Each structure stands twice: as structure tokens, then as C-alpha cells.
Amino acid sequence: MRAAIRLSLRAVWRGTGGPFGAVVVKDGVVVGRGWNAVTSRNDPTAHAEVMAIRAACLRLGTFTLSGCELYASCEPCPMCLGAIHWARIGRVFYANTRQDAAAIGFDDARFYAELARPAAKRRIRMRPLLRVEALAAFEAWRRKSDRVEY
């Protein structure tokens, strides 16, 4: 956890983005490090947890991090939580809470509320389009005998 906290402080000192850091650990060894780089990379997905997951996957040569743990300087936001689930990380430890983050201007409450709403009632309007045509790709995937499941 201290490594994640050090990375969060580094992000502040270097001005790369918000005060967040994360590490991915496998068998007691840090295999991925990340810090918030949203503003320095002009990338809204460059959160510490996502960056640590990307680094760990690159280092381990895999897209799944089952058997790994993630240590984050703050409770993961909904986007990072989704990435953690997709990476199949087994356990997450965090230091600051989302309430602590909200107190300094990083309030994820609106995202949690938005995700709880039915799709038709969300702030960003979404509507299906060309579903029948798009199902062709899903059918091709279903029939593909050498697909890699994830």
C-alpha cells in the first residue's frame, strides 16, 4: 500500500494528474505500477488503477490478472472497478475512501447514481441502432472454434 501512496504523491509532485497511485502484486511481487496521468496524457481513462493493470498485463504477457491483488491509494471509481473485474483481479485494498476523494473535488457519486438508472433514463441518451447487422459479428464469434475466451 505504501508503494501506491508514494505513486499518488509522485503524481501530485510531477503534475501528471490527480493524487492517485496503484500497484498490482502477484505472489508478493509488484508486477505493475500506475499513477493518475489523465491531464498529462489527455486521456480520461489514464487512472492509476487502469495504468497499473496495463503495466501488469504487459509485464506478465497476459490479459487476465487472476491470482493478483491491487493496492490503490483510493477506493476505485466505477471505471476502474470495471477494469478490475475485467482483469479478474482477486482482491483490492485501498487507502482513501470515495468520500475522501469527494472532499477534494473527485466526486464519483454521480457515476454511481447514473449506473443505477435504467438505460432509458440516463443523462447520456442511448438507443439501439442496426442491432440485426451487428449480431453478425456476435454469431461469427460464437462459431469461431479458436476464440480466446475472456
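Here, every reference points to the structure presented above.
Residues numbered from 1 in each chain as written. Predicted model: local features only at pLDDT ≥ 70, side-chain atom pairs only at ≥ 80, totals over all residues. Heavy atoms only, no water.

**Some words on the overall build of the chain**
In step 1: Within the chain, the regular secondary structure consists of seven helices and four strands.
In step 2: Taken along its principal axes, the extent of the C-alpha atoms in the chain is 50 × 40 × 25 Å.
In step 3: Here the chain holds 150 residues, and the buried ones make up 31% of them.
In step 4: When contacts within the chain are restricted to residue pairs at least 6 apart in sequence, long-range pairs at least 24 apart make up 46% of them.
In step 5: Total accessible area on the chain stands at roughly 10,300 Å², and carbon and sulfur atoms take up 58% of it.
In step 6: Computed over 24 positive and 13 negative side-chain charges, the separation of the two mean positions in the chain equals 2 Å. (Helix = DSSP H or I, 4+ residues; strand = E, 2+ residues; numbered from the N terminus. Buried < 20%, exposed > 50% of the residue type's maximum accessible area, 1.4 Å probe, protein only. Contact = heavy atoms within 4.5 Å. Areas by Shrake-Rupley, 256 points an atom, 1.4 Å probe, with all protein chains shown as cover. Lys, Arg positive; Asp, Glu negative; His and termini not counted. Charge placed at Lys NZ, Arg CZ, Asp CG, Glu CD.)

**Side note on the sheet that holds strand β2 (residues 29-35)**
In step 1: Pairing is mixed in the open sheet, where four strands are placed in the order β2-β1-β3-β4. Both edges of this open sheet fall to β2 and β4 (91-96), since each of them pairs with a single strand only. For this sheet, the mean angle separating the axes of adjacent strands, direction not counted, is 15 degrees.
In step 2: When strand β1 (residues 21-26) meets β2, the two strands line up antiparallel, connected through six bridges. When the sheet's bridge partners are listed, K26 is paired in β2 with V29.
In step 3: Each of β1, β2, β3 (68-74) and β4 is contacted by helix α1 (residues 2-14), which is oriented at about 150 degrees to β1, the strand it contacts most.
In step 4: In this fold helix α3 (residues 48-60) packs onto β1, β2 and β3, with an angle of close to 140 degrees to the strand it touches most, β2. (Pairing = 2+ DSSP bridges. Axes fitted to C-alpha atoms, helices over the stretch in contact; angles between N-to-C directions.)

**Digging into a nonpolar patch on the surface**
In step 1: Taken together, the side chains of F63, W86, W141, V148 and Y150 present a nonpolar region at the surface, about 620 Å² in accessible area.
In step 2: Residue F63 is classed as partly exposed on the basis of its relative accessible area of 46%. (Patch = residues over 30% accessible without salt bridge, like charges linked within 9 Å, V, L, I, M, F, W, Y side chains within 5 Å. Salt bridge = Lys/Arg side-chain N within 4 Å of Asp/Glu carboxyl O.)

**Some remarks on the environment of C80**
In step 1: Its place among the elements puts C80 in helix α4 (residues 78-87).
In step 2: C80 gets classed as buried once you look at its relative accessible area, which sits at 0%.
In step 3: Considering only alpha carbons, one finds C80 and Y112, 32 residues apart in sequence, at a separation of 12 Å.
In step 4: Ignoring any residue separated from it by four or fewer positions in sequence, one finds C80 in contact with H47, E49 and V50.

**A few points about the packing of aromatic side chains**
In step 1: Here the structure, examined in full by the defined rule, presents four aromatic pairs.
In step 2: Ring geometry for Y71 versus F93: centroids 4.8 Å apart, planes at 15 degrees, classification stacked. Of this pair, Y71 sits in strand β3 while F93 sits in strand β4; the two residues are 22 residues apart in sequence, bridging distant segments of the chain.
In step 3: Using a relative accessible area of 29% as the deciding quantity, one classes F93 as partly exposed.
In step 4: Taken together, the ring pairs connect F63, W86 and Y150 into an aromatic cluster.
In step 5: Between the NZ or CZ atom of R10 and the centre of the ring of W35, over which it lies, the distance is 5.6 Å. (Phe/Tyr/Trp six-rings, centres within 6.5 Å; stacked < 30°, edge-to-face > 60°. Lys NZ or Arg CZ within 6 Å of the ring centre and 35° of its normal.)

**Considering α4**
In step 1: Within α4, burial applies to P78, C80, I84 and A87.
In step 2: On its buried face, α4 is in contact with α3, β3, β4 and α6 (109-116).
In step 3: In the segment just after α4, R88 is the residue with positive phi, at about 65 degrees.

**Remarks on the side chain of E69**
In step 1: Within the secondary structure, E69 sits in strand β3.
In step 2: Classification of E69 as buried rests on a relative accessible area of 17%.
In step 3: Excluding residues that lie within four positions of it along the chain, E69 makes contacts with V23, V24, V25, I89, R91 and F93.

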